[in-house]
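Coordinate analysis (summary)
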Amino acid sequence: MDLKYYLHIISKLTIFALINIFHHFNPKNMWTKSHSILTNEVTKEQMWKLFADVNNWHTWDNGVEFAKIDGKFEKGNHFIFQPKGGPKLKIGIVEATENKSFTDCTNFPLAKMYGEHTFEETTNGLKLTTTMKVEGLLGFVWRKIVAQKIVEALPVDMQQQIQTAKNL
């Protein structure tokens, strides 16, 4: 085999690698994962009350060191959030429809993470859905460091939310 053959193979591999890297670094590339639960144990009003009381999240979520909001739980406001063992984060509320849904947004360097939470009444009960989305140039990094762990914990976390909201 000659040098020309090896250069051809190396150029093909380089192009493949660059395409793969661009796909991961593409700011329009968004990672999304959801988890849903169907329950008859709580109402949408109880779930809303649970989440809207940001200052008490630490009482029912073992992963929260503290969360603090000044003012109302509404679009345009933000809260300070610190996960156990993690840094303090400023999280914005980008959508909030009482007793129906809310979306929060965490800004990371060169990426954003959105948490969408919906409470949907169905004929079989209340459908609770949490969807995590990560986008941006370094979205793949923040997905691995933060979002994937959140998604993996959702089944247990959402059951804890239901158990806590039952008492509201």
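First things first, this report covers the structure right here in the doc. (Residues numbered from 1 in each chain as written. Predicted model: local features only at pLDDT ≥ 70, side-chain atom pairs only at ≥ 80, totals over all residues. Heavy atoms only, no water.)

Some remarks on the environment of Val141
If you trace the backbone, Val141 turns up in helix H3 (residues 139-165). Sequence separation between Val141 and Leu110 is 31 residues; the distance between their C-alpha atoms is 9.8 Å. (Helix = DSSP H or I, 4+ residues; strand = E, 2+ residues; numbered from the N terminus.)

Overview of the environment of Ala147
Along the chain, Ala147 falls in helix H3. Ala147 sits in the buried class, given a relative accessible area of 0%. Between the C-alpha atoms of Ala147 and Trp31, which are 116 residues apart in sequence, the distance is 9.4 Å. Setting aside its immediate chain neighbours within four residues, Ala147 contacts Trp31, Met113, Val134 and Trp142. (Buried < 20%, exposed > 50% of the residue type's maximum accessible area, 1.4 Å probe, protein only. Contact = heavy atoms within 4.5 Å.)

A word on the sheet that holds strand E2 (residues 64-69)
Overall, antiparallel pairing links the 7 strands, which are arranged E1-E7-E6-E5-E4-E3-E2 in an open sheet. The open sheet has two edge strands, strand E1 (30-39) and E2, and neither has a second partner. Taking the axes of each pair of neighbouring strands and ignoring which way they run, one obtains an average angle of 20 degrees across the sheet. When E1 meets strand E7 (residues 125-135), the two strands line up antiparallel, connected through 10 bridges. Residue pairing in the sheet places Leu38 in a bridge with Lys127 of E7. The strands touched by helix H2 (residues 44-52) are strand E4 (89-97), strand E5 (101-108), strand E6 (111-122) and E7; relative to E6, the strand with the most contacts, the crossing angle is about 155 degrees. (Pairing = 2+ DSSP bridges. Axes fitted to C-alpha atoms, helices over the stretch in contact; angles between N-to-C directions.)

Regarding the side chain of Ser101
Within the secondary structure, Ser101 sits in strand E5. In terms of polar contacts, Ser101 uses its side chain to reach the side chain of Glu95, at 3.0 Å. The residues contacting Ser101, other than those within four sequence positions of it, are Trp48, Glu95, Ala96, His117, Thr118 and Phe119. (Polar contact = N/O pair within 3.5 Å; in protein donor to acceptor, adjacent residues only side chain to side chain.)

Examining H2
Within the span of H2, buried status applies to Gln46, Met47, Trp48, Leu50 and Phe51. Next to the buried residues of H2 lie E4, E5, E6, E7 and H3.

Focus on the pattern of salt bridges
The final tally for this structure, using the stated rule, is 4 salt bridges. The salt bridge involving Lys68 is made with Asp70; its shortest N-O contact spans 3.2 Å. By relative accessible area, which is 42% here, Lys68 ends up partly exposed. Of the charged contacts, one joins Glu116 and Lys133 as a salt bridge, the two residues approaching to 3.1 Å between their closest N and O atoms. Here Glu116, found in strand E6, pairs with Lys133, found in strand E7; they are 17 residues apart in sequence, far enough to count as distant. (Salt bridge = Lys/Arg side-chain N within 4 Å of Asp/Glu carboxyl O.)

Overview of empty space enclosed by the protein
Inspection of the entire model under this criterion finds 1 cavity of 30 Å³ or more. Every residue along the wall of the largest cavity is listed here: Met47, Phe51, His117, Thr118, Phe119, Leu128, Thr129, Thr130, Met158 and Gln161. Those elements that place two or more of their residues in the lining of the largest cavity are H2, E6, E7 and H3. (1 Å grid on protein atoms, 1.4 Å probe; cavity = no way out; pocket = protein on both sides within 12 Å on 5 of 7 lines; lining within 4 Å. Points joined across faces, edges and corners; volume = space filled by probe spheres on them.)

Comments concerning unusual backbone geometry
Despite not being glycine, Asn99 has its phi angle at roughly 65 degrees, a positive value. Looking at where Asn99 falls in the secondary structure, it is placed in the loop between E4 and E5. The exposure class of Asn99 is buried, given its relative accessible area of 19%. One non-glycine residue with positive phi stands out, namely Leu110, at about 60 degrees. With respect to the helices, strands and loops of the structure, Leu110 is situated in the loop between E5 and E6. Residue classification places Leu110 among the exposed residues on the basis of a relative accessible area of 52%.

Just geometry here; none of it tells us what the structure is for.
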